[in-house]
Amino acid sequence: MASAPNPLPTPGPDARIDLHAHSTASDGTLTPAELMRAAADAGLDTVAITDHDTTIGWAPAVAALPPGLTLVRGAELSCRWYGTEPSIALHLLAYLFDPDSPELVAELTRIRAAREVRAERIVESLRADGIDVDWSDIQARAAGGTVGRPHIAQALIRAGLVGTTSEAFQPRWLGWRYRAPKDDLDVFHAIRLVREAGGVPVFAHPRATRRGEVVPDSLIVDLAAAGLFGLEADHEDHSPTEQAHVRRLAAELGLVVTGSSDFHGEHKTVRLGAFTTSVPAYERIVAEASGVPVVSSS
Ligand code: AMP
Ligand code: FE
Ligand code: FE
Ligand code: ZN
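Residues numbered from 1 in each chain as written. Chains lettered and ligands numbered in written order. Predicted model: local features only at pLDDT ≥ 70, side-chain atom pairs only at ≥ 80, totals over all residues. Heavy atoms only, no water.

(A) Representation of the side chain of T277 within the structure. Secondary-structure assignment places T277 in the loop between β8 (256-259) and α11 (279-288). Given a relative accessible area of 4%, T277 falls into the buried group. A distance of 2.7 Å separates a polar atom in the side chain of T277 from the backbone oxygen of G259. Residues within four places of T277 in sequence aside, it is in contact with I17, L19, V257, T258, G259 and Y282. (Helix = DSSP H or I, 4+ residues; strand = E, 2+ residues; numbered from the N terminus. Buried < 20%, exposed > 50% of the residue type's maximum accessible area, 1.4 Å probe, protein only. Polar contact = N/O pair within 3.5 Å; in protein donor to acceptor, adjacent residues only side chain to side chain. Contact = heavy atoms within 4.5 Å.)

Now the structure itself:
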């Protein structure tokens, strides 16, 4: 599988390409099959499934692929830059990598387990304050998908304590008061593993200051030298200034620029295709990949 070719269903010049979307395999609310249907209904030509730290959504997405839709199989890896104190969390999109690459599989398994430990700790700290949320219920509802804070946010909504997922991310809840660190993947190690698996690494929402601390441009220079292939510029968590900054940096470093919705179903308000990636950028990513091919049903 490692050297699978990528014969392209060539997208037309006006193709709508959204390279970042989540399903119930992580913290989205549509199943992988429903996500494929929704992508077609949204008028997309190409969609990427990029669940957090897992590839379990790939097979059901492929099986449900509607005619005319092209699927890019990917994941969003929970990474960290340890070169500063405190370390900074960041997300790395990985496209078209071999899902059986042993070292990557081992790291994803470790990270998913760490997420469970961390989520249970957050639940314990909520319970210690008399808030009635139940870990086994939250875990059961995640149904084998990667557990994340949005699952705890849903429990807070069910308990009537907050109205929306974004409210649950306010400092008085999961944003600060009830937080616990999670073990992530060193970002340089992640880039190496993705590349070794024939995948293409793209830095997700690199400048999203509204989410928290972001890494300096000097780190992005180093990541590019280490094999980073692209930067996600157009994303709802980037202001227009931040988008422009990312585009400028990508041009300076010769990195591909992507745009994507980061769709999460009902967990966020953003719609599929709200931001898109240009055809040339998409083609560069596909040409660079050698792990698995893109898939289209006809
Ligand atoms: P975790 O992966 O457990 O650290 O949780 C982070 C996830 O929570 C992100 O991938 C988003 O899906 C979601 N998220 C982060 N910040 C917010 C926010 N302010 N409002 C809604 N969802 C958020
Ligand atoms: Fe998410
Ligand atoms: Fe992300
Ligand atoms: Zn995402």
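(B) A look at the environment of A75. Relative to the helices and strands, A75 resides in strand β3 (residues 70-81). Once the C-alpha coordinates of A75 and V292 are considered, the two residues, 217 residues apart in sequence, prove to be 13 Å apart. Contacts of A75, omitting those with residues within four sequence positions, involve I49, T50, D51, T54, L92, L93, A94 and F97.

(C) Fine view of the site of ligand 1. Close to ligand 1 lie 13 residues, the nearest being H52, R115, R118, R149 and H264. In the model, an oxygen atom of ligand 1 is placed 3.0 Å from a nitrogen or oxygen of the H52 side chain. Take R118: an N or O atom from its side chain is 2.7 Å from an oxygen atom of ligand 1. Burial of ligand 1 by the protein chains amounts to 84% of its free accessible area of 490 Å². For the shell around ligand 1, the elements supplying multiple residues, two or more each, are α3 (102-128), α5 (149-158) and α6 (165-168). A class-by-class count of the residues in the shell around ligand 1 yields two nonpolar, five polar and six charged. (Near = heavy atom within 4 Å. Areas by Shrake-Rupley, 256 points an atom, 1.4 Å probe, with all protein chains shown as cover. Nonpolar A, V, L, I, M, F, W, Y, C, P; charged D, E, K, R; others polar.)

(D) Up close: the coordination of the iron ion (ligand 2). Only D27 (OD), D27 (OD), H52 (NE2) and H264 (NE2) from the protein reach the iron ion (ligand 2) as donors, at distances of 2.1 to 2.8 Å. Read in sequence order, the donor residues coordinating the iron ion (ligand 2) give the pattern D-x24-H-x211-H. Between the two metal centres, the iron ion (ligand 2) and the iron ion (ligand 3), the spacing is 5.6 Å. In this pair, D27 is assigned in the loop between β1 (17-18) and α1 (32-41) and H52 in strand β2 (residues 46-52), connecting sequence segments 25 residues apart. Relative accessible area serves as the criterion here: at 6%, D27 is assigned to the buried category. (Donors = N, O, S within 2.8 Å, 3.2 Å for Na, K, Ca; no water.)

(E) Region of interest: the coordination of the iron ion (ligand 3). For the iron ion (ligand 3), the full set of protein donor atoms is E76 (OE), H91 (ND1) and H205 (NE2), and the range of their distances to it is 2.0 to 2.2 Å. Each donor residue of the iron ion (ligand 3) lies on one chain, and together they are spaced E-x14-H-x113-H.

(F) Representation of the confidence of the model for the protein within the structure. Put simply, the protein has an average pLDDT of 95, and 97% of its residues get 70 or more. Least confident of the elements in the protein is α6, whose mean pLDDT is 95; most confident is strand β6 (residues 200-203), at 99. Confidence over residues 1-6 falls short of pLDDT 50; this stretch has 21 contacts with residues more than four positions distant or in other chains. (pLDDT = per-residue confidence, 0-100.)

(G) Structural view of the packing of aromatic side chains. Applying the stated criterion to the full structure yields two aromatic pairs. Ring centres 5.1 Å apart and planes at 55 degrees place the aromatic pair W58 and F97 in the tilted group. Of this pair, W58 sits in helix α2 (residues 58-63) while F97 is found in the loop between β4 (88-95) and α3, placing the two residues 39 residues apart along the sequence. Classification of W58 by relative accessible area gives buried; the value is 6%. Residue F97 is classed as buried on the basis of its relative accessible area, which comes to 1%. Judged by centre distance (6.1 Å) and plane angle (25 degrees), the rings of W173 and Y178 are stacked. A cation over an aromatic ring shows up here: R177 above the ring of Y178, its NZ or CZ 4.6 Å from the ring centre. (Phe/Tyr/Trp six-rings, centres within 6.5 Å; stacked < 30°, edge-to-face > 60°. Lys NZ or Arg CZ within 6 Å of the ring centre and 35° of its normal.)

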